[in-house]
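Topology and contacts: notes
Spelled out from the first residue to the last, the chains are:
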Amino acid sequence: STYVASDESECRDVVRALDFASRAVDLARRPPEAPSAGRGASRVRIGLAQRVGEAPERRRQRALAAALYSEGRASAICGQHQALGAMLPDEGGRSGPLPPVTALFARGQAAFCAAWDLARELGEAQEAARAMAGLGELWYCAASANTRDSAGLAPGEP
């Protein structure tokens, strides 16, 4: 079960989680920076890619999948807190007031589905399973919101 409290610091931390996850998604979606003028920086990046055994684009896609997973979880928790009355929509973070409950759950669902798609494209079965498990958690949070007539998510397939 999920514990939800209307404690001020908990609400602040839940909103921060959503802000940080959203920033991570934004950063991961940015195109890679061009190599800097300093020769050492390029060598470090190339050496790291060779040591890890992964192409830079693949690493970027894996980072995006992880950021999307975090955004899905944070959206679900914010949606649940708001739907259950533990926090108000105007308790948003740096980006202003929180979106409506249904928008938070829809955002989380879209993030988990995108993380699942990326994991499947990368051939990462465990990460795909993790994204689907996260989607299950989101629907659990939405179900608890639906018990309060908040209509977190409408029944149906994602």
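Everything that follows concerns the structure shown earlier in this document.
Heads up: these notes are all about the structure in this document. (Residues numbered from 1 in each chain as written. Predicted model: local features only at pLDDT ≥ 70, side-chain atom pairs only at ≥ 80, totals over all residues. Heavy atoms only, no water.)

Here we come to helix 4 (residues 101-121). With 21 residues, helix 4 ought to run about 30 Å at 1.5 Å a step, and its terminal C-alpha atoms sit 30 Å apart, in line with that. Inspection of helix 4 places Val 101, Leu 104, Phe 105, Gly 108, Gln 109, Ala 111, Phe 112, Ala 115, Leu 118 and Ala 119 among the buried residues, and these make up the whole buried set. Where helix 4 ends, the next residue or the one after it, Gly 123, has phi of about 75 degrees, a positive value. (Helix = DSSP H or I, 4+ residues; strand = E, 2+ residues; numbered from the N terminus. Expected span 1.5 Å × (residues − 1). Buried < 20%, exposed > 50% of the residue type's maximum accessible area, 1.4 Å probe, protein only.)

We now examine the packing of aromatic side chains. Under the counting rule described, the total for this entry stands at one aromatic pair. Ring centres of Tyr 69 and Phe 112 lie 5.6 Å apart, and the angle between their planes is 70 degrees; this geometry places the pair in the edge-to-face category. Of this pair, Tyr 69 sits in helix 3 (residues 56-83) while Phe 112 sits in helix 4, placing them 43 residues apart in sequence. The same class applies to Tyr 69 as to Phe 112, namely buried. The side chain of Arg 130 reaches across the aromatic face of Tyr 69, ending 3.8 Å from its centre. (Phe/Tyr/Trp six-rings, centres within 6.5 Å; stacked < 30°, edge-to-face > 60°. Lys NZ or Arg CZ within 6 Å of the ring centre and 35° of its normal.)

As a further point, take the pattern of salt bridges. Tallied over the full model, the rule gives seven salt bridges. Of the charged contacts in the structure, one is a salt bridge between Asp 13 and Arg 12, with a shortest N-O distance of 3.0 Å. When its relative accessible area of 38% is taken as the criterion, Asp 13 is described as partly exposed. What makes Arg 12 partly exposed here is its relative accessible area of 40%. Connected via shared salt-bridge partners are Arg 58, Arg 62 and Glu 124. (Salt bridge = Lys/Arg side-chain N within 4 Å of Asp/Glu carboxyl O.)

Turning our eyes to something else, we now look at the nonpolar core. Of all hydrophobic cores here, the largest spans eleven residues; its members are Tyr 69, Ala 76, Ala 83, Val 101, Phe 105, Phe 112, Leu 135, Leu 138, Cys 141, Ala 142 and Ala 145. Listed by contribution, the elements that provide at least two residues to this core are helix 3, helix 4 and helix 5 (125-146). Ignoring any residue separated from it by four or fewer positions in sequence, one finds Phe 112 in contact with Tyr 69, Gly 72, Arg 73, Ala 131, Gly 134, Leu 135 and Leu 138. (Core = buried A, V, L, I, M, F, W, Y, C linked by side-chain atoms within 4.5 Å. Contact = heavy atoms within 4.5 Å.)

Worth remembering: the numbers are spatial, not functional.
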